[in-house]
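# Inside the fold
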Amino acid sequence: MTKHIMGLMFALTIVGGTLSPAMAAPRVLDRVVAVVNDDVILASELDDQVRVVVSRLREVNARIPPQADLERQVLERMIAAEVQVQLAQKTGIQVTEENLNNAISGIARRNGMGLDQFVLALEADGMNYADFREGIRREISMEQLRQRDVARRIAVTDREIDNLLENERLRGAEADIEVRLQHILIAAPERATPEQLKSRREEADRLHTELMDGADFTQVALSYSDGQNALQGGDLGWRRANQLPRFFMDAVDSLAVGDITEVLRSPNGFHILKLADRRGSTQTRIEETRSRHILIQTNALTSDSQARIQLGQLREQISSGADFAALAEQHSDDASSASRGGELGWLPPGVVVPEFQQAMDLLNPGEISPPFRSQFGWHIVQVLERRERDTTEESQRLRARQIIFQRKLEEETANWARQLRDEAYVEIRLNPADQS
């Protein structure tokens, strides 16, 4: 199995996908380990999820936390996912077969396989394809729910962008630094009592003391963290320093690689961070192409062959001295550019379809391509000139917008998921004695 497939299996496990290894040992009895509103989570489902998590942890040589801690962490992720899936179903979110098939085909392509090969690869690794499809369906429905209820509410203002960029300028080279953090969160309820806050703080202080005494950060995060990345050992991945919450940035600013922060307080609870690694990052210029084209669309009256021949004739006329702009205005089916003599303006890389980009890339300024086909029809294109442009400012503003949006999205999603969990009826029965 490729690493991508294993990574996807692990991701689905974390969010509560129903991935059931086909070779699982037969079970004589099953029992309920959690009641979530009007549905239940079974011990067999929890066992399947724990099994995949353990497999993933072994693959990356991570220590396996105690069984009870791991079951609690995995079950909490399953409960959160189940609450979201139920809400998606209740509010009419549906994943069509077409969307589901497209998503799975995309996963197969990213693994360099056709769909049939991908199914065989899953089965060879003990995965049931029907369960895999259901896991993907659940993940898509949750993503659609998050987009509807969280992402669409998030706004980024020009003032926020200006403030972030100004802060970067004040901080100098730090804006080009990327860091990899590990994170432990001891969550506090939204309306926590002083007693609850005291208990949560004491738990965070105890874990901090263990870490400073040499305890493994990954192991502690796996066992105790309430963060979304707990089952990855608290690993937040590579982030620009300014992609992190501001109090994270301030806390890690003076850390050396391997250092651990003090316990940090936020509205979400208490945090402990470890600076796992740090690296530099740079911004580059881009090359833009100014071009013009003539498009002939195919239809019931114009076949592919006829369109290609017509464009070949137009190309010969231009090579013999005819005016490209006049012919484009007369013959091109691209109404938006025909009135400008086929002019497309300055194009940065990647804004046109791949076939068009490839045809342009092969031309020197002044040259005209042979006829070629794209999803829009048949074209000839002429490159007029090329330039390098410093896009630092607009790239910085786009990057700043993405940073602020992602920061808000993570915070809002965490709060939203916790609120859904708090509002749901949940009864945990991990202990067999809890069964009624």
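Treat the numbers as computed from the prediction; the structure is a model and nothing was measured. (Residues numbered from 1 in each chain as written. Predicted model: local features only at pLDDT ≥ 70, side-chain atom pairs only at ≥ 80, totals over all residues. Heavy atoms only, no water.)

Unlike most non-glycine residues, N37 shows phi in positive territory, near 55°. Along the chain, N37 turns up in the loop between β1 (32–36) and β2 (39–42). (Helix = DSSP H or I, 4+ residues; strand = E, 2+ residues; numbered from the N terminus.)

So, on to a negative patch on the surface. Together, D30, D38, D39, E45 and D47 give the surface a local cluster of negative charge. Its place among the elements puts D47 in helix α2 (residues 43–59). (Patch = residues over 30% accessible without salt bridge, like charges linked within 9 Å, V, L, I, M, F, W, Y side chains within 5 Å. Areas by Shrake-Rupley, 256 points an atom, 1.4 Å probe, with all protein chains shown as cover. Salt bridge = Lys/Arg side-chain N within 4 Å of Asp/Glu carboxyl O. Lys, Arg positive; Asp, Glu negative; His and termini not counted. Charge placed at Lys NZ, Arg CZ, Asp CG, Glu CD.)

Relative to the elements of secondary structure, E288 occurs in strand β7 (residues 286–296). Within the local environment of E288, its side chain forms a polar contact with the side chain of R387, the two groups lying 2.8 Å apart. If we ignore the near neighbours within four places in the chain, the residues touching E288 are W346, L347, P348, E385, R386, R387 and R389. (Polar contact = N/O pair within 3.5 Å; in protein donor to acceptor, adjacent residues only side chain to side chain. Contact = heavy atoms within 4.5 Å.)

Helix length check: helix α8 (residues 194–212) (19 residues) gives 27 Å between terminal C-alpha atoms against 27 Å at 1.5 Å per residue, within 8%. Listed in full, the buried residues belonging to α8 are A204, L207, H208 and L211. One face of α8 carries all of its buried residues, which in axial projection span an arc of 105°. Away from its buried face, by an angle of more than 90 degrees, α8 presents the exposed residues P194, E195 and K198. (Expected span 1.5 Å × (residues − 1). Buried < 20%, exposed > 50% of the residue type's maximum accessible area, 1.4 Å probe, protein only. Arc of directions from axis to C-beta.)

Before going further, it helps to spend a moment on helix α9 (residues 217–224). Among the eight residues that make up α9, six are buried, leaving the element largely enclosed by the rest of the structure. Those residues of α9 lying buried are F217, Q219, V220, A221, L222 and S223. Its side-chain oxygen placed 3.3 Å from the backbone nitrogen of T218, D216 serves as the N-cap of α9.

Further remarks concern the environment of Q330. Its location among the elements puts Q330 in helix α12 (residues 324–331). When the C-alpha atoms of Q330 and I294 are compared, they prove to be 9.6 Å apart, with 36 residues separating the residues in sequence.

This part takes up the packing of aromatic side chains. As enumerated under the stated definition, the model contains three aromatic pairs in all. Centre to centre, the rings of F118 and F132 are 5.6 Å apart; their planes meet at 65°, and the pair counts as edge-to-face. With F118 in helix α5 (residues 115–124) and F132 in helix α6 (residues 129–149), this residue pair connects regions lying 14 residues apart in the sequence. Given the relative accessible area of 0%, F132 is considered buried. Taken together, a centroid distance of 5.7 Å and an interplanar angle of 70° make the contact between F356 and F372 edge-to-face. Of this pair, F356 sits in helix α14 (residues 354–361) while F372 is found in strand β9 (residues 372–374), placing the two residues 16 residues apart along the sequence. (Phe/Tyr/Trp six-rings, centres within 6.5 Å; stacked < 30°, edge-to-face > 60°.)

With that settled, consider the confidence of the model for the chain. Of all residues in the chain, 88% have pLDDT values of 70 or greater, and the mean over the chain is 85. By mean pLDDT, helix α1 (residues 3–15) is the weakest element of the chain at 44, and α12 is the strongest at 96. With pLDDT under 50 throughout, residues 1–28 is counted as low confidence; its partners more than four residues away or in other chains account for 80 contacts. (pLDDT = per-residue confidence, 0-100.)

A word on the sheet that holds strand β8 (residues 343–347). Pairing is antiparallel in the open sheet, where four strands are placed in the order β8-β7-β10-β9. Among the strands making up the open sheet, the edge pair consists of β8 and β9. Pairwise comparison of adjacent strand axes, ignoring direction, gives a mean angle of 45° for this sheet. With three bridges joining them, β9 and strand β10 (residues 377–389) adopt antiparallel strand pairing. When the sheet's bridge partners are listed, S374 is paired in β10 with G377. On the sheet, α12 packs against β7 and β10 and is oriented at approximately 55° with respect to β7. (Pairing = 2+ DSSP bridges. Axes fitted to C-alpha atoms, helices over the stretch in contact; angles between N-to-C directions.)

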